[in-house]
Amino acid sequence: MVAQDRHGVKSIDLGIFSPTARDELLCLQVRLDPEDCAYDYSKLYFSTAPDEAYAEERVICFRVRARNAFEQVGLPLPPRCLQTGFLRMRLDGLPYSAGTTSVEAVKLLEARPDDELTRHARLVGQKEWVRKEVERSEGERRTRLGHYPESLSLELTPRCNLTCSHCSSHGTGEVHQLNNRRKELDLGMLERLAHEVFPHLTLLTLVGRGEPTMVSDRLWARLTELLEYYRVFLSCVTNGYFIRRRIDAAVLALIDTLTISIDGVTADIFAANRGGASLDRVLANVAYFHDLRSKAALARRPKLGLSWTLKRNNIAEFPDFVRLAKRFDPDFLYVRHLLVFHEKDRGQSLLGHADLANRYLGEAYAMLRGSRIKLDVPPLMSR
Ligand SMILES: C[S@@+](CC[C@H](N)C(=O)[O-])C[C@H]1O[C@@H](n2cnc3c(N)ncnc32)[C@H](O)[C@@H]1O
Ligand code: SF4
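Residues numbered from 1 in each chain as written. Chains lettered and ligands numbered in written order. Predicted model: local features only at pLDDT ≥ 70, side-chain atom pairs only at ≥ 80, totals over all residues. Heavy atoms only, no water.

**A closer look at the side chain of Asn239**
Inspection of the secondary structure assignment puts Asn239 in the loop between strand S11 (233-238) and helix H6 (243-246). Side-chain polar atoms of Asn239 contact the side chain of Asn161, separated by 3.0 Å. If near-sequence neighbours (up to four positions away) are discounted, Asn239 is found in contact with Cys160, Asn161, Leu162, Glu211, Ile260, Ser261, Arg274 and Val282. (Helix = DSSP H or I, 4+ residues; strand = E, 2+ residues; numbered from the N terminus. Polar contact = N/O pair within 3.5 Å; in protein donor to acceptor, adjacent residues only side chain to side chain. Contact = heavy atoms within 4.5 Å.)

Now the structure itself:
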């Protein structure tokens, strides 16, 4: 069977099937040719009775990895179709973006032990179930949960190579040394956590007191192997120093979002705010990541975020930060006012300097009006 949508026609009718009790998964040969960078996931609508209409409650969401190439995708069969013996399906490959979807073959299959397609189909089913349970738990404000979370935040290490003056965990010699004496996450702990929780997760976010990419090669390699095995996406905020060492084409496919902290667009201000670090090195690494994600044969382009902490010493550079950011087509900008953790930084707070802050915030926000860049930024300050 070959079906192809045309521009503006989003849905491909996959036909009607008669599943038997032995069937467990659906195998699709699907190809996405997105025209922009907006693809996030595909939607398979199903109905399990002739008079049942397609509806948002009867959707399996899944991600196609490859761009412009046929990919075999394993999906779970809706359990009810095994009772009714009826399954009708429609595929919206690019539901929220432009491009073409093609389907070459659709098959119902029995589960096969030790088969990767079966394992992937079960993972998609488990993650879909968790996602729907999370929605229900939030809607009903449940206090006891019968499911794992869909996303998890994890600190791999409290250590950091930099000493940004305003950082709560590395901003003084004392806390820097204290945190750099601490150990990274134990490999055994990672194994136990991953085997228990990763099968349920959609997203793992690396957070915490340190620089998440400044871990041993063993820990990073095992983490990325486990994420790949359990099909979990990775999100990470980084100082940008070790991007080349940590992100290659294979790891790129796992990245949901990489957010890189900047805090200065001249070498002096950047170094003052980022513990003497090199702006050139970080910008070269931002360019490396942007180039890698732009050229990758991935249907879903990994997202790039740029982060900026607003301070008195960098507020005048903020409009130039926006100009610089645009070179890398970021998906979002994450901007926060300085939180004062150490008395020595109090003079860098913009509290009490609304006119100064608003002059530059206003100029920068005006440049972003109408742009596709999402903004997670503070409003203008009140006087
Ligand atoms: C603690 S860092 C950890 C990740 C990584 N090391 C980095 O710098 O991106 C997370 C974020 O918090 C920001 N941050 C650190 N100290 C801050 C402060 N005092 N006020 C506001 N943001 C701060 C950093 O600029 C960074 O974007
Ligand atoms: S790079 Fe991140 S963790 Fe390291 S000192 Fe700077 S803000 Fe803190």
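Having seen it, we continue.
**Section: the packing of helix H4 (residues 187-197) against helix H5 (residues 217-230)**
The contact between H4 and H5 brings their axes to 11 Å, and the two run at 10°. As summarised for this structure, H4 and H5 are arranged roughly parallel, according to the angle between their axes. Taken together, the residues of H5 that come into contact with H4 (itself represented by Leu187, Leu190, Glu191, Ala194 and His195) are Arg218, Leu219, Arg222, Leu223, Leu226 and Tyr230. Taken together, the residues of the contact of H4 with H5 sort by class into seven nonpolar, one polar and three charged. (Axes fitted to C-alpha atoms, helices over the stretch in contact; angles between N-to-C directions. Parallel < 35°, antiparallel > 145°, perpendicular 65-115°, else oblique. Nonpolar A, V, L, I, M, F, W, Y, C, P; charged D, E, K, R; others polar.)

**Some thoughts on the site of ligand 1**
By nearness alone, 17 residues border ligand 1, and His166, Glu211, Ser261, Arg274 and Leu339 come closest of all. In the model, a nitrogen atom of ligand 1 is placed 2.8 Å from a nitrogen or oxygen of the His166 main chain. Burial of ligand 1 by the protein amounts to 82% of the accessible area it has alone, namely 550 Å². Among the elements of the structure, S11 and strand S13 (303-310) are those that each provide at least two residues to the shell around ligand 1. Its residues placed into classes, the shell around ligand 1 shows five nonpolar, nine polar and three charged. (Near = heavy atom within 4 Å. Areas by Shrake-Rupley, 256 points an atom, 1.4 Å probe, with all protein chains shown as cover.)

**Things to note about the sheet that holds strand S5 (residues 59-62)**
Read from one edge to the other, the open sheet built from four strands follows the order S2-S7-S4-S5, with strand pairing classed as antiparallel. Each edge of the open sheet is held by one strand with a lone partner, namely strand S2 (11-17) and S5. Pairwise comparison of adjacent strand axes, ignoring direction, gives a mean angle of 20° for this sheet. In terms of strand pairing, strand S4 (residues 42-47) meets strand S7 (residues 87-92) through five bridges, oriented antiparallel. Considered in S7, the bridge of Lys43 is made with Asp92. (Pairing = 2+ DSSP bridges.)

**Some details on the pattern of salt bridges**
Tallied over the full model, the rule gives 37 salt bridges. A salt bridge links Glu228 to Arg65; the nearest nitrogen and oxygen atoms lie 3.2 Å apart. With a gap of 163 residues between them, Glu228 in helix H5 and Arg65 in the loop between S5 and strand S6 (71-76) connect regions that are remote in the sequence. Judged by its relative accessible area of 29%, Glu228 falls in the partly exposed class. We note a salt bridge from Arg323 to Asp320, for which the minimum N-O separation is 2.6 Å. Here Asp320 and Arg323 lie together in helix H10 (residues 318-326), a separation of three residues that amounts to about one turn. (Salt bridge = Lys/Arg side-chain N within 4 Å of Asp/Glu carboxyl O. Buried < 20%, exposed > 50% of the residue type's maximum accessible area, 1.4 Å probe, protein only.)

**With respect to the pairing of S11**
Within S11, five of the six residues are buried, which leaves the element mostly enclosed by the surrounding structure. Bridge count between strand S10 (residues 203-206) and S11: four bridges; the pairing is parallel. By the bridge assignment, Leu206 is partnered in S11 with Cys236. Assessed by its sense of winding, the connection that carries the chain from S10 through H5 to S11 is right-handed. Where S11 and strand S12 (residues 255-261) come together, five bridges link them in parallel fashion. The partner of Ser235 across the bridge, within S12, is Thr257. (Right-handed = clockwise from strand over helix to strand, strands pointing away.)

**Focus: the site of ligand 2**
Residues in close proximity to ligand 2 include Cys160, Leu162, Cys164, Cys167, His170, Arg209, Gly210, Asn239 and Arg274, which together make up its full environment. Of the residues in the shell around ligand 2, the class split is four nonpolar, three polar and two charged.

**Things to note about the pairing of S10**
Where strand S9 (residues 151-154) lies against S10, four bridges are found, and the strand directions are parallel. Bridge pairing in S10 places Leu152 opposite Leu204.

**A look at the nonpolar core**
By size, the foremost hydrophobic cluster in this structure holds 69 residues, and its most contacted members are Phe198, Leu204 and Ile262. Among the elements that make up this core, the one with the highest residue count is helix H11 (residues 354-368) (seven residues). Those residues within four positions of Phe198 in sequence are excluded, and the remaining contacts are Lys127, Leu193, Leu204, Leu223, Leu226, Leu227, Tyr230 and Val232. Within the second largest apolar cluster, 26 residues are counted, among which are Phe62, Val64, Leu77 and Val106. (Core = buried A, V, L, I, M, F, W, Y, C linked by side-chain atoms within 4.5 Å.)

**A closer look at H4**
Three or more residues of H4 are buried, namely Leu190, Ala194 and Val197. Burial along H4 is one-sided: seen end-on, the buried residues are contained in an arc of 90°. Check the buried side of H4 and you find it contacts S9 and H5. Measuring from the backbone nitrogen of Gly188 back to the side-chain oxygen at the start of H4 gives 3.2 Å, which picks out Asp186 as the cap. (Arc of directions from axis to C-beta.)

**Examining the sheet that holds strand S15 (residues 374-376)**
The strand order across the open sheet formed by seven strands is S9-S10-S11-S12-S13-S14-S15, and the pairing between neighbours is parallel. Two strands in the sheet have a free side with no partner beyond their single neighbour: S9 and S15. Across the sheet, the mean angle separating the axes of adjacent strands is 15° when strand polarity is ignored. Packed onto the sheet, helix H9 (residues 279-295) meets S12 and S13 and runs at close to 155° relative to S13.

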